[in-house]
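Examination of the molecular architecture
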Amino acid sequence: MHYVIVGNSATGIGAAESIRARDPHARITIIGDEPEHVYARPLISHYIAGEVTPDEMRYRPADFYTRLRLETRLNIRAQSFDANARAITLGDGATIQYDRLLLATGSSQKFPPIKGRDLPGVFDFWTRADAEAIRARIHARGVRAAVVIGAGLVGIQAAYGLRGAGLQVVLIELLPSILSRILDAPAAAYAQATLEHGGVRVLTGRAVAEILGSAEQGVTGVMLNDGAKIECGIVVKATGVAPNLALVKGTPVAAQGGIAVDEYFATNVPGVYAAGDVAETYDVTRGKRFVNANWPNAHAQGRVAGLNMAGKATAYTGSIGMTSMPLFGKAIMSHGIVEPEPGDEVRVRESRENQIYQKLVFRQDHLIGAVMVGDVGMVGWINHVMQSRRPVGALKDALLDGKAAYYSARRALFKQAMEGVDLPWRESLSSSERYRKVFNEDTWAERERDERKW
Ligand SMILES: Cc1cc2nc3c(=O)[nH]c(=O)nc-3n(C[C@H](O)[C@H](O)[C@H](O)COP(=O)(O)OP(=O)(O)OC[C@H]3O[C@@H](n4cnc5c(N)ncnc54)[C@H](O)[C@@H]3O)c2cc1C
């Protein structure tokens, strides 16, 4: 049996591991257009800030591919595939036959056609190659100032990384508040204050009309739509993401917002699976298909997809939109639906003095959303309760209501939740160290379990 995986990142690696654990003799090939050993993409900003080395960014040990006997074709694109012939064609014209194919092609950035977008010094913020190029320009040109366009998760992380590298950073956001897809207005205000406290200048409700500079000099600044100019030697584009669907264009594989899959990650084409950022899966809180693009979801989906590909039918219980990050020492997390709809119930706890803000959103008897700034100690069980869809009943009021009530509610919910599904993502993220720990050790534990089988 030959398993072929396109995409050498969180999803692809998760799949390769569970296939190998199930099938010690299978041939497994990973195709990836980035040249590197698999690395944790969320650590890119920490790399730019000089907080981690390339070795520490590795998501698996150096001998990972040989130990799992994975064949790799890296630094090359899968150009097309023929579902009838079960064959993938690579950028160099080579053809690879597969029995089962996993599309784990992830997503990439999109940016409007603003003048100057192709000038030297204008970067995406997506890959290790982007990070290397940014670092090289900072050092070669002695760049002291940067502009980041777009204040979503990637833009915020870019601002953090560039500030950590010692640059003056201006973050420009078209909408009235930052992180608007994952935070409500009060949480966004806390996050903005944290960024500003960390030395990032934040301009909301402003748009970049043009990126200024020349082919020789590269970028020299940006002009806003009100005519104001901001000088800089680097511009980071961070205005949005879209799933990488190029490989399925013109094929029978059904895709809209992402590749459509069933709960076993099978597409509508026999032998072809898809998972991770490129796939639309069932969103537990929304109750419909959605692309929940984040690292733990991607890895977990890869693992379940791999099991199914290797013949162990395993239904995926669904994903939750979730983000947890440390921002200049302040923990921020968002899970599920953070803006209530009519009929939803909301509980809020806020301490301006301690810069703590917590909000829970309930639909009928279920917790469907949570936003937390400053105190994210509850993230583990929040995740469990949301994912397991356990009713919270009369406990709603107690949850944010002081320590004693909270702990008794937490105990009760935890007891319930223990009967629910097993999740790969349980830890709260309260500092960048903890964050790194989760990204590595959580999956280490899984890997060690599998290692006994390899
Ligand atoms: C800067 C940044 C910060 C982030 N921070 C966080 C965070 O804090 N927390 C969090 O949970 N998530 C975060 N994410 C999101 C997270 O990294 C993604 O959800 C995750 O990487 C998705 O994994 P994936 O394997 O599905 O896809 P990807 O990681 O996108 O990998 C897909 C791979 O496939 C390759 N590929 C695509 N098409 C082809 C082809 N035709 N042929 C060969 N190769 C191909 C791509 O180049 C890529 O290497 C962040 C992302 C970025 C960019």
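This is a predicted model, so every value here is computed, not measured.

Scoring rules and cut-offs
- Residues numbered from 1 in each chain as written.
- Predicted model: local features only at pLDDT ≥ 70, side-chain atom pairs only at ≥ 80, totals over all residues.
- Heavy atoms only, no water.
- Helix = DSSP H or I, 4+ residues; strand = E, 2+ residues; numbered from the N terminus.
- Buried < 20%, exposed > 50% of the residue type's maximum accessible area, 1.4 Å probe, protein only.
- Contact = heavy atoms within 4.5 Å.
- Expected span 1.5 Å × (residues − 1).
- Salt bridge = Lys/Arg side-chain N within 4 Å of Asp/Glu carboxyl O.
- Pairing = 2+ DSSP bridges.
- Axes fitted to C-alpha atoms, helices over the stretch in contact; angles between N-to-C directions.
- Phe/Tyr/Trp six-rings, centres within 6.5 Å; stacked < 30°, edge-to-face > 60°.
- Lys NZ or Arg CZ within 6 Å of the ring centre and 35° of its normal.

Here the focus is the overall build of the chain. Looking only at helices and strands, the chain features 11 helices and 26 strands. Taking all 454 residues of the chain together, the buried fraction comes to 55%. For the chain, the share of sequence-separated contacts (at least 6 apart) that also reach a separation of at least 24 residues comes to 63%.

In this model helix 8 (residues 295-309) runs 21 Å from its N-terminal to its C-terminal C-alpha over 15 residues, within 8% of the 21 Å that 1.5 Å per residue would give. Burial of helix 8 is extensive: 15 of the 15 residues sit out of reach of the surface.

Here we come to the pattern of salt bridges. Considering all chains together, one arrives at 17 salt bridges under this definition. Among the salt bridges present, the one from D283 reaches R286, with a minimum N-O distance of 3.0 Å. Taking relative accessible area as the criterion, R286 reaches 33% and is therefore assigned partly exposed. Salt bridges sharing partners connect three or more residues here, namely E17, R60 and R303.

Let's shift gears to the sheet that holds strand 14 (residues 218-224). In space, the three strands of this open sheet follow the order 13-14-15, with antiparallel pairing throughout. Looking along the sheet, the strands with just one partner apiece sit at the ends: strand 13 (208-214) and strand 15 (229-231). With strand direction ignored, the average angle separating the axes of adjacent strands in the sheet is 25°.

All told, the structure shown has five aromatic pairs when counted by the stated rule. Taking the centre distance of 5.0 Å and the plane angle of 50° together, the rings of F265 and Y316 count as tilted. Residue F265 is located in the loop between strand 18 (259-260) and strand 19 (272-274), and its partner Y316 is located in the loop between helix 8 and strand 22 (322-327); the two are separated by 51 residues in the primary sequence. Judged on exposure class, the residue F265 and its partner Y316 are both buried. The residue whose ring lies beneath R128 is Y47, and the NZ or CZ to ring-centre distance is 5.9 Å. Just above the ring of Y47 sits the side chain of R135; from NZ or CZ to the centre is 4.2 Å.

This part covers the side chain of S18. Within the secondary structure, S18 is located in helix 1 (residues 10-22). Sequence-distant contacts of S18, that is, excluding residues within four places in its chain, are made with G302, R303, G306 and L307.

Turning our attention to unusual backbone geometry. Look at F265: it is not a glycine, yet its phi comes out positive at around 70°. With a phi angle near 50°, Q364 is a residue other than glycine that sits in the positive phi range.

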